[in-house]
There are 8 protein chains.
Amino acid sequence: MNKEDLFKLLQSFKNEEINIEHAAKVLEELPYKDLGYANIDNHREMRTGYPEVIYCEGKTIEQVSGIIRYMMGRNNNILATRARTEMYQAVKEFCPEAEYNELGRVITIRKKDPGETETYIAIVAAGTSDLPVVEEAYETARILGNKVVKVNDVGVAGIHRLMARMDVIRGARVVIVIAGMEGALASVVGGMVEKPVIAVPTSVGYGANFGGLAALLAMLNTCASGVSVVNIDNGFGAAFNASIINKL
Amino acid sequence: MNKEDLFKLLQSFKNEEINIEHAAKVLEELPYKDLGYANIDNHREMRTGYPEVIYCEGKTIEQVSGIIRYMMGRNNNILATRARTEMYQAVKEFCPEAEYNELGRVITIRKKDPGETETYIAIVAAGTSDLPVVEEAYETARILGNKVVKVNDVGVAGIHRLMARMDVIRGARVVIVIAGMEGALASVVGGMVEKPVIAVPTSVGYGANFGGLAALLAMLNTCASGVSVVNIDNGFGAAFNASIINKL
Amino acid sequence: MNKEDLFKLLQSFKNEEINIEHAAKVLEELPYKDLGYANIDNHREMRTGYPEVIYCEGKTIEQVSGIIRYMMGRNNNILATRARTEMYQAVKEFCPEAEYNELGRVITIRKKDPGETETYIAIVAAGTSDLPVVEEAYETARILGNKVVKVNDVGVAGIHRLMARMDVIRGARVVIVIAGMEGALASVVGGMVEKPVIAVPTSVGYGANFGGLAALLAMLNTCASGVSVVNIDNGFGAAFNASIINKL
Amino acid sequence: MNKEDLFKLLQSFKNEEINIEHAAKVLEELPYKDLGYANIDNHREMRTGYPEVIYCEGKTIEQVSGIIRYMMGRNNNILATRARTEMYQAVKEFCPEAEYNELGRVITIRKKDPGETETYIAIVAAGTSDLPVVEEAYETARILGNKVVKVNDVGVAGIHRLMARMDVIRGARVVIVIAGMEGALASVVGGMVEKPVIAVPTSVGYGANFGGLAALLAMLNTCASGVSVVNIDNGFGAAFNASIINKL
Amino acid sequence: MNKEDLFKLLQSFKNEEINIEHAAKVLEELPYKDLGYANIDNHREMRTGYPEVIYCEGKTIEQVSGIIRYMMGRNNNILATRARTEMYQAVKEFCPEAEYNELGRVITIRKKDPGETETYIAIVAAGTSDLPVVEEAYETARILGNKVVKVNDVGVAGIHRLMARMDVIRGARVVIVIAGMEGALASVVGGMVEKPVIAVPTSVGYGANFGGLAALLAMLNTCASGVSVVNIDNGFGAAFNASIINKL
Amino acid sequence: MNKEDLFKLLQSFKNEEINIEHAAKVLEELPYKDLGYANIDNHREMRTGYPEVIYCEGKTIEQVSGIIRYMMGRNNNILATRARTEMYQAVKEFCPEAEYNELGRVITIRKKDPGETETYIAIVAAGTSDLPVVEEAYETARILGNKVVKVNDVGVAGIHRLMARMDVIRGARVVIVIAGMEGALASVVGGMVEKPVIAVPTSVGYGANFGGLAALLAMLNTCASGVSVVNIDNGFGAAFNASIINKL
Amino acid sequence: MNKEDLFKLLQSFKNEEINIEHAAKVLEELPYKDLGYANIDNHREMRTGYPEVIYCEGKTIEQVSGIIRYMMGRNNNILATRARTEMYQAVKEFCPEAEYNELGRVITIRKKDPGETETYIAIVAAGTSDLPVVEEAYETARILGNKVVKVNDVGVAGIHRLMARMDVIRGARVVIVIAGMEGALASVVGGMVEKPVIAVPTSVGYGANFGGLAALLAMLNTCASGVSVVNIDNGFGAAFNASIINKL
Amino acid sequence: MNKEDLFKLLQSFKNEEINIEHAAKVLEELPYKDLGYANIDNHREMRTGYPEVIYCEGKTIEQVSGIIRYMMGRNNNILATRARTEMYQAVKEFCPEAEYNELGRVITIRKKDPGETETYIAIVAAGTSDLPVVEEAYETARILGNKVVKVNDVGVAGIHRLMARMDVIRGARVVIVIAGMEGALASVVGGMVEKPVIAVPTSVGYGANFGGLAALLAMLNTCASGVSVVNIDNGFGAAFNASIINKL
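Residues numbered from 1 in each chain as written. Chains lettered and ligands numbered in written order. Predicted model: local features only at pLDDT ≥ 70, side-chain atom pairs only at ≥ 80, totals over all residues. Heavy atoms only, no water.

**Quick notes on the packing of helix 4 (residues 61-73) of chain F against helix 5 (residues 85-94) of chain F**
To describe two helices that pack against each other, one gives the angle between their axes and the distance between the axes.
Residues and elements named next belong to chain F.
Phase 1: Close contact between helix 4 and helix 5 brings their axes to 10 Å; oriented N to C, the two are set at 40°. Where helix 4 crosses over helix 5, the handedness of that crossing is right-handed. Residues Ile-61, Val-64, Ser-65, Ile-68, Arg-69 and Met-72 of helix 4 pack against Glu-86, Met-87, Ala-90, Val-91 and Phe-94 of helix 5.
Phase 2: Split into classes, the residues belonging to the contact of helix 4 with helix 5 amount to 8 nonpolar, 1 polar and 2 charged. (Axes fitted to C-alpha atoms, helices over the stretch in contact; angles between N-to-C directions. Helix = DSSP H or I, 4+ residues; strand = E, 2+ residues; numbered from the N terminus. Left-handed = near helix turned anticlockwise from the far one by under 90°. Contact = heavy atoms within 4.5 Å. Nonpolar A, V, L, I, M, F, W, Y, C, P; charged D, E, K, R; others polar.)

This is the structure we're talking about:
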């Protein structure tokens, strides 16, 4: 529930379109709703401008379904990340409009049009193996109402592929750079644009990659200014961040 | 040299205010100037909107002086970070307007007014021991032309101190959070504002802090959305990033 | 066998309720019982006030069953942690009163009433994904005779959920804080209560979480006083510790 | 200012022993006092039962002196840890009753008698090289009003030395175990007492000790129940924790 | 082939019990035999007193079978460690006298009596979960001709169990200590005996155990003299080492 | 497409053997071809002398098939590393001449004869368990047109096996050394030859091997001059590097 | 005080050579002597066959002097490791027969002849920079009564230097191998002798050596059997261990 | 002494230009010369084509002087790396032709002309702070007889500086890339040349650079083929390696 929703609710009550019991029930759960295993933070949208997101890792199918059911009742758009196929199947049963991005492991449910910004976020990725993180970032940015342009497989081993796409990257308001292995793409892009760059190290690679640690350290130590970093494989976090900046 | 400077130069040449030798010499060094030990990236300002910054760690006093001397000749504002006192003293001799922030170890030289934005960057710090990083961030943000508000010593051990200052933090366009030890401040602030938060882990702490690693990992793993991270003690990087966002 | 049990045994023998062979056999195994693959520490209850607990990881089903069979013969309450479902099924066959907490992977057998303290232990957890550790702690604290209150899903990303429950947390005699990701909850709670806080980092999270290392380091580096830490995911250890303090 | 102090203040005001300006000034700073470089958390004593402590590492002599000066004006007992000799000398000038434990690097100022508990805390240390951490813990526990017994140099390499002192250790209400190298002392003591054990790993050792990491990991992985851990070399944290438990 | 075998061979040839072709073939492979995928070091027994051992991890069933087949032809006793059940089944087919210790994952084949020393090796283990490493060490020591005594489940959490067995431990010529978690047993035993102690850290434990790292670091940092360390879970290496010492 | 191919194409066009549409289409994709999920770097062969290689880890079977299909159309030799059996089976269907090295997990397709150098690369490996890396290196070196000699199972534990093969190693123009565990073979070989040595640490080993970290650090710290290192298990990288040097 | 000393004392008392007060005083301190800051383990020699050794790191000059003074009164040979020059100078004043090995940082005092074994310990070192560890090991082995042969600077980069000395190494009863950098020497020696090898990694090296970690991991992962490892730079521990074995 | 020198010596002896004592003395030390603290590997030049190099770290001034004195007597060119100024001053006294590169901390003595190759080695460095490693590599490559071209301060933050120098880099026979921070330069260069690239990570940077670990991991994980890596700050190793390749 964002501020606009709150105003509408109060107005409807005043106009006697809804009765006092209904209004009270909704307002009672305004700060958060306790489901026993989860406290849904209904206030977040009002506080931060964004609804709560469901991080599915480590939750049971029942818990995920329960949370989505409750949130649907409040007419929110819903984003569930790191969702396994079986979770999507369970949700699909009671919510046929749910969509699933298999590569990105993301469930989205659109109850209202999230809109689309005029400026866009560029998602730039080093290789084909980084696509799952790209898709998580893409779905997140889209449901938060952003225009997005994807630039895939432009790692620095063949830097002319990147150069050929610099115009579209420079045109963005915010740039997300996703790379595994040595993560050099973030520094190269960071040195060529005057926009905020959010770098996402991925766990792609082997050997001394140590699950993404190599790319993470590289991105934190970038010699380019204007680059900040989120957790390994955290496409969601990068897109959420980019969305805030894109909408400033 | 930014675009405006380039236009002026060309105009001056056309108006015959400067001769062709002068114009050619300046333009010849437009991409970069090779000093032997350093290639000054004169093109950076045009490309990224910001002049090159001197990172003094690992450089000799002679090298730092040489670079500053050259850049002064091009009428740039100058920012030199991680500068030891002796470096400042050497620079002071040939550049009396140089200023030194001792706590932040930063030399600044203002050849032209950097201006001041209407919106401001909030720099929020956990403890008194984090002040050197605060000052580095402050000087960087200021010379890049930003309004800045500092909120010091509001670590989560006494969270009411933070709550008392939330209004000024929420009023910012971008928030920098600086914290050592367990770095929890970034998550708490990130959960309460709807602005981009740039987190800077510091090496403050001891024992299992491992030179800032504890705070770094904590900030990368934040449960709050909208937080991105820069390198340990990297006040400069956070402020540079915040400045780009503040000026979008 | 605790001191009270020992007194009863000796009294029964004196009163000729049991014969000398029986008494001798029980006393012979007072220090420990060698099962070949395990030495049951029968003396522990007398020495530390608590019976031995079975840590099932790395043991075979036969070993776990054998140990439980032996301990049942001595009329102890039994706690087996990290027990797989098949272990429970094997135990159930010869001990129908055995109970299994599936989420917490804990088998409990109650041969005598453990009682319940007047003061209580608060178990405070950051997120739904931390529930397995919560349940391990809960079962441990209960069988050791403690009153327990659980406060779930109050992570710092929505700190008002925590504030709404501070009364119940402040009312406890000991507080257990369970959190993964950046583990900031321990510092925030630690700064607000005047009770001992035992922090349990969990392996919940991904990327640079490194199996709970991020939360562990954060908790060890807490800026709040009064917080101590146990091993990653060690709900049992936290509850055991809390029980000792709660019963002082 | 604790609750008792607050009651006295209000009573004095009502009895017209102090005027309204005086009372207002004190109350105005009740939540915290902003010194510019530090926010003194005056409310902590009321909230957690203990006054704020000054952690001197990373602070300048001027900052430490300024904070102590302010706190003295509020009649608090003062504890400053990790204080260098020069800090003590600076404080001594304006506060002659300040005392300095050189080995433990602790400054203490007693404005009121902290009292002494009937039950005691045992501080058990493995070797002579651990004494600086012992002394930090000792001074902390004493100024917080605890009776303390020290048991030095009883490392497990000569375990009969420990056995000879078990009576005094078992008699304590809380036990602090301080050990470097492999930190085995914590497990051995933990297996023999039925009291809460707070383990402090120290950075004593060399080679693969990695600054205390070996002892830290050992203590976190202890096979003994009832042991919790604080940061490497954190004598203060252990004693603070022990004091809370000792006074429950 | 050890020196005794070589003497016998030459004698048999001289006595015309074997012909020159036979003798030449055996001697030709004296340094090593190239199987394509493996070079069997036939010379090792002569050089170091012990035959080559087959480390099965990372080898295919065919490779293991091939190596054993070849070695059988040379009449050696054979030890194959880290062998999976299927490997044993494959070997069993062409070598019915092969034996398998399932817990220890070791295949042994006895072509000649390895003998038994008068002095013995004590294998002391902390817990039931360490038994696989115990068994690997046991089988190794036995086939190398040593008398062995096992002392299981005497971890320091119940130190009286260890004390009760000190006589048998002190009676050994070499002591192997096997422990996971915090590995404190090595230090405690090391402080009580005047014999060489070989410590084996195991990967038993969870959380901050990091696959045996905690026990490994603890053992390397032991405060007891006379303790040396082998790789994590390396029961074979410890027993091999102990055997050399036991037979000096 | 290498320079020779380009010349042929232009000549064919001039000779009217191919029409302008055909020539244009090929040249249009000269820099790279965008398949949506991948940008094939067609220019690499001209730029670096070697065609692009397909790293299959993290790619779907569809993606790998699609890339190979496209590259086949350009008449290139193809190398696909880290390919699972199912990938090979999918490729086999549309490309019967594809070959699969199962141990090395490599698919190769030869459209033109890669030739064979007169000088050779020696691949020296420590143990049988290192063979998968050996095979990856072997296939890579072969398809790039190199003569290769393999020297298997000559680890330093039986150094006479290595000595017996030094002639063939010294005769090579470049030496690849592949070893897991402690990786000492690289230093020993490096001390005995006057040729460039490329060391490949493998993840073979257990316990404190930490996935190849032990061998990696050892090789980086070699006391022998002339040794450089590639990533853990990176047989491809070593062979590619060796090929460049062999063909200088 | 060893068993022989004890027998003499009792005999002297019986023979009335010493009076009862004298005998009682000595026996009173038999288990240990509490100096306040240290508990001298007088019983160790009887229990383990070796007197206590003073590890000077982290102790003050006063503490070291005090401990030595006390031990001198009991007529022990004394070994103090990691002793700074100033410590030696302080000891020299009250004990003129004290000797100092500056390179090895070891103080030795001989009150009785330690004897010399017939068999010898070989100390084999990789490079000149490892000499401090060699000297610590040498002094330790000598005062414990061992014959010692040193073989310096035989690192594997020039393996013929090692081969030239193999006879003297093979002739030893125990071999200590000391090496930094990649520590390969331990594996090479271990593969060529049939004696127990104790490996000491040193912190010699730079870059990815990480203070000896590279050599430590290499030695723990050795492919040679019969090698065990002590802490980084721990020459004392290796020699102590070797002495026990040499004297079996 | 290389092969040519050996031939000359034998010829001189045959021609009776030198007597048998002289020839014998030189030949006696052909394999190595034992100075007590060091075994000079005189045979290395014959075996590997290069004379032994003195690594000064951890050696005393006396040891370095002694080794140089001996080597001078054999008329070798001498290279001493990691040499402190005082070492140079000591050497200068008895060897006035010694030269010192202060930035690179390298002493060189030229007894015979090392010559100069026709092809050249390019040394490409990311920033001014990397110059000490550049100079160590430069001096090494020069005394080994190579032509060298340096390309300084072309880090990827301003990639046009690198592009402007690509011709000179592509013209080299071998390329050394030296970079700290995130080390991205190695990947970018590796993607653009068809020559062997030897990457040297440097310890330049701060925070999560961890002494060069970030750049090291990045370079090992490079997505560009043809790149191999040496130890952190190891300019010598890179140049030695490059020289071998340049002279193939």
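After that view, the rundown keeps rolling.
**Points about the confidence of the model for chain A**
Phase 1: Mean pLDDT for chain A: 89, with 95% of residues reaching 70 or above.
Phase 2: Scored as a whole, the predicted complex attains pTM 0.92, and scored at its interfaces, ipTM 0.90. (pLDDT = per-residue confidence, 0-100.)

**Section: the relation of the copies chain A and chain B**
One copy of the chain maps onto the second through a rotation about an axis and a displacement along it.
Phase 1: For the pair chain A and chain B, the relating rotation is 180°, the translation along its axis is 0.0 Å, and the fit reaches an RMSD of 0.0 Å. The superposition of one copy onto the other is thereby described by a two-fold rotation axis. For chain A, the residue whose C-alpha comes nearest the rotation axis is Val-229 of chain A, separated from it by 2.5 Å.
Phase 2: Mapped onto chain B, 96% of the interface residues of chain A again fall at the interface, so both copies present the same surface. (Least-squares fit on C-alpha atoms with pLDDT ≥ 70 in both.)

**Digging into the sheet that holds strand 3 (residues 54-55) of chain H**
Sheets are built from strands paired through backbone hydrogen bonds, the pairs being either parallel or antiparallel.
Residues and elements named next belong to chain H.
Phase 1: Taken in spatial order, the 4 strands of this open sheet run 3-4-6-5, and their pairing is mixed. Two strands close off the open sheet at either side, each with one partner strand: strand 3 and strand 5 (99-101).
Phase 2: As defined by bridge partners, strand 3 adjoins strand 4 (residues 78-81) across 2 bridges and the pair is classed as parallel. Its bridge partner lying in strand 4, Tyr-55 is registered against Thr-81.
Phase 3: Docked against the sheet, helix 5 (residues 85-94) engages strand 5 and strand 6 (106-109), running at close to 20° with respect to strand 6. (Pairing = 2+ DSSP bridges.)

**Some thoughts on the interface of chain A and chain B**
Phase 1: Across the boundary between the two partners, chain A contributes 28 residues, which contact 28 residues of chain B.
Phase 2: Inspection of the chain A/chain B interface yields 0 salt bridges.
Phase 3: For the pair chain A and chain B, the interface holds 8 residue pairs in polar contact (both at pLDDT 80 or more).
Phase 4: Among the secondary structure elements, those contributing two or more residues to the side of chain A that touches chain B are helix 3 (44-48), helix 10 (213-220), strand 11 (227-229) and helix 11 (235-246) of chain A.
Phase 5: Per-element accounting of the side of chain A that touches chain B gives the leading share, 5 residues, to helix 11 of chain A. (Salt bridge = Lys/Arg side-chain N within 4 Å of Asp/Glu carboxyl O. Polar contact = N/O pair within 3.5 Å; in protein donor to acceptor, adjacent residues only side chain to side chain.)

**Topic: the packing of aromatic side chains**
Phase 1: All chains considered together, the criterion is met by 24 aromatic pairs over all chains.
Phase 2: Just above the ring of Tyr-138 of chain C sits the side chain of Lys-150 of chain C; from NZ or CZ to the centre is 4.2 Å.
Phase 3: Here the basic side chain of Arg-69 of chain E rests over the ring of Phe-94 of chain E, its NZ or CZ set 4.1 Å away from the ring centre. (Phe/Tyr/Trp six-rings, centres within 6.5 Å; stacked < 30°, edge-to-face > 60°. Lys NZ or Arg CZ within 6 Å of the ring centre and 35° of its normal.)

**Section: the relation of the copies chain D and chain C**
Phase 1: Each copy superposes on the other: chain D lies on chain C with an RMSD of 0.0 Å after a rotation of 180° and an axial shift of 0.0 Å.
Phase 2: Taken together, the interface assignments show that 100% of the residues at the interface of chain D recur at the interface of chain C, consistent with an identical surface on both copies.

**Looking at unusual backbone geometry**
Phase 1: One non-glycine residue, Glu-16 of chain E, adopts positive backbone phi at about 60°.
Phase 2: Among the secondary structure elements, Glu-16 of chain E is positioned in the loop between helix 1 (3-14) and helix 2 (20-28).
Phase 3: One non-glycine residue, Arg-82 of chain F, lies in the positive phi region at around 50°.
Phase 4: Mapped onto the fold, Arg-82 of chain F is located in the loop between strand 4 (78-81) and helix 5.
Phase 5: Given a relative accessible area of 9%, Arg-82 of chain F falls into the buried group. (Buried < 20%, exposed > 50% of the residue type's maximum accessible area, 1.4 Å probe, protein only.)

**Here we look at the layout of surface pockets**
Phase 1: The computed volume of the largest pocket comes to approximately 1500 Å³.
Phase 2: Around the largest pocket sit 33 residues that line it, and Leu-213 of chain B, Leu-213 of chain D, Leu-213 of chain F, Leu-213 of chain G together with Leu-213 of chain H are the ones nearest its centre.
Phase 3: Contributions of two or more residues to the lining of the largest pocket are made by helix 10 of chain A, helix 10 (213-220) of chain B, helix 10 (213-220) of chain C, helix 10 (213-220) of chain D, helix 10 (213-220) of chain E, helix 10 (213-220) of chain F, helix 10 (213-220) of chain G together with helix 10 (213-220) of chain H.
Phase 4: Across the lining of the largest pocket, the residue classes break down as 32 nonpolar, 1 polar and no charged. (1 Å grid on protein atoms, 1.4 Å probe; cavity = no way out; pocket = protein on both sides within 12 Å on 5 of 7 lines; lining within 4 Å. Points joined across faces, edges and corners; volume = space filled by probe spheres on them.)

**Focus: the domain arrangement of chain A**
Residue and element names in this part refer to chain A.
Phase 1: Considered domain by domain, chain A is made up of domain 1 (31-109) and domain 2 (120-246).
Phase 2: The straight-line distance from the C-alpha centre of domain 1 to that of domain 2 is 26 Å.
Phase 3: Facing the 13 residues of domain 1 at the interface are 14 residues of domain 2.
Phase 4: Both faces considered, domain 1 and domain 2 share a buried interface measuring about 1200 Å² in area, 68% of it formed by carbon and sulfur atoms.
Phase 5: If you look at where domain 1 meets domain 2, you find 1 salt bridge.
Phase 6: The set of elements that each furnish at least two residues to the side of domain 1 that touches domain 2 consists of strand 4 (78-81) and strand 6 (106-109). (Domains from an automatic or database assignment. Buried area = accessible area lost by both parts, 1.4 Å probe.)

**Let's talk about the interface of chain D and chain C**
Phase 1: Counting from both sides, the interface comprises 28 residues of chain D and, opposite them, 29 residues of chain C.
Phase 2: Of the roughly 2600 Å² buried where chain D meets chain C, counting both sides, 55% is carbon and sulfur surface.
Phase 3: Counting across the interface, chain D meets chain C through 0 salt bridges.
Phase 4: Our count for the contact surface shared by chain D and chain C stands at 8 residue pairs in polar contact (both at pLDDT 80 or more).
Phase 5: Counting only elements with at least two residues in the side of chain D that touches chain C, the list comes to helix 3 (44-48), helix 10, strand 11 (227-229) and helix 11 (235-246) of chain D.

**Considering the side chain of Ser-187 of chain A**
Phase 1: Inspection of the secondary structure puts Ser-187 of chain A in helix 9 (residues 184-190).
Phase 2: Relative accessible area serves as the criterion here: at 1%, Ser-187 of chain A is assigned to the buried category.
Phase 3: With sequence-adjacent residues up to four places away left out, Ser-187 of chain A is seen in contact with Thr-222, Cys-223 and Ala-224 of chain A together with Val-156, Glu-182 and Ala-184 of chain H.

**Focus: the nonpolar core**
Phase 1: One finds Leu-162 of chain B, Leu-162 of chain C, Leu-162 of chain D, Leu-162 of chain E, Leu-162 of chain F, Leu-162 of chain G together with Leu-162 of chain H to be the most contacted residues of the largest nonpolar core, which totals 273 residues.
Phase 2: When near neighbours in sequence (up to four residues on either side) are disregarded, Leu-162 of chain B contacts Val-124, Val-154, Ile-169, Leu-185, Val-188, Val-189 and Met-192 of chain B. (Core = buried A, V, L, I, M, F, W, Y, C linked by side-chain atoms within 4.5 Å.)

**Let's talk about the sheet that holds strand 6 (residues 106-109) of chain E**
Residues and elements named next belong to chain E.
Phase 1: Overall, mixed pairing links the 4 strands, which are arranged 3-4-6-5 in an open sheet. Every other strand in the sheet has two partners, leaving strand 3 (54-55) and strand 5 (99-101) as the edge strands with one partner each.
Phase 2: Seen against the sheet, helix 5 (residues 85-94) touches strand 5 and strand 6 and runs at an angle of roughly 20° to strand 6.

**Re helix 4 (residues 61-73) of chain H**
Residues and elements named next belong to chain H.
Phase 1: Under the 1.5 Å per step criterion, the end-to-end length of helix 4 is 19 Å for 13 residues, consistent within 8% with the ideal 18 Å.
Phase 2: Among the residues of helix 4, those classed as buried are Gln-63, Val-64, Ser-65, Gly-66, Ile-67, Ile-68, Tyr-70, Met-71 and Met-72.
Phase 3: Count one or two residues on from helix 4 and you reach Asn-75, which has phi positive near 65°. (Expected span 1.5 Å × (residues − 1).)

**Overview of the pairing of strand 9 (residues 174-179) of chain B**
All names here are of chain B.
Phase 1: Within strand 9, 6 of the 6 residues are buried, which leaves it mostly tucked inside the rest of the structure.
Phase 2: Alternating residues of strand 9 divide into Val-174, Ile-176 and Ile-178 and Val-175, Val-177 and Ala-179, and every residue in both groups is buried.
Phase 3: Summarising the sheet, strand 7 (residues 120-125) and strand 9 pair through 5 bridges and their orientation is parallel. By the bridge assignment for strand 9, Ala-122 is matched with Val-175.
Phase 4: The β-α-β motif built from strand 9, the intervening helix 9 (residues 184-190) and the parallel element strand 10 (residues 197-201) has right-handed crossover chirality. (Right-handed = clockwise from strand over helix to strand, strands pointing away.)

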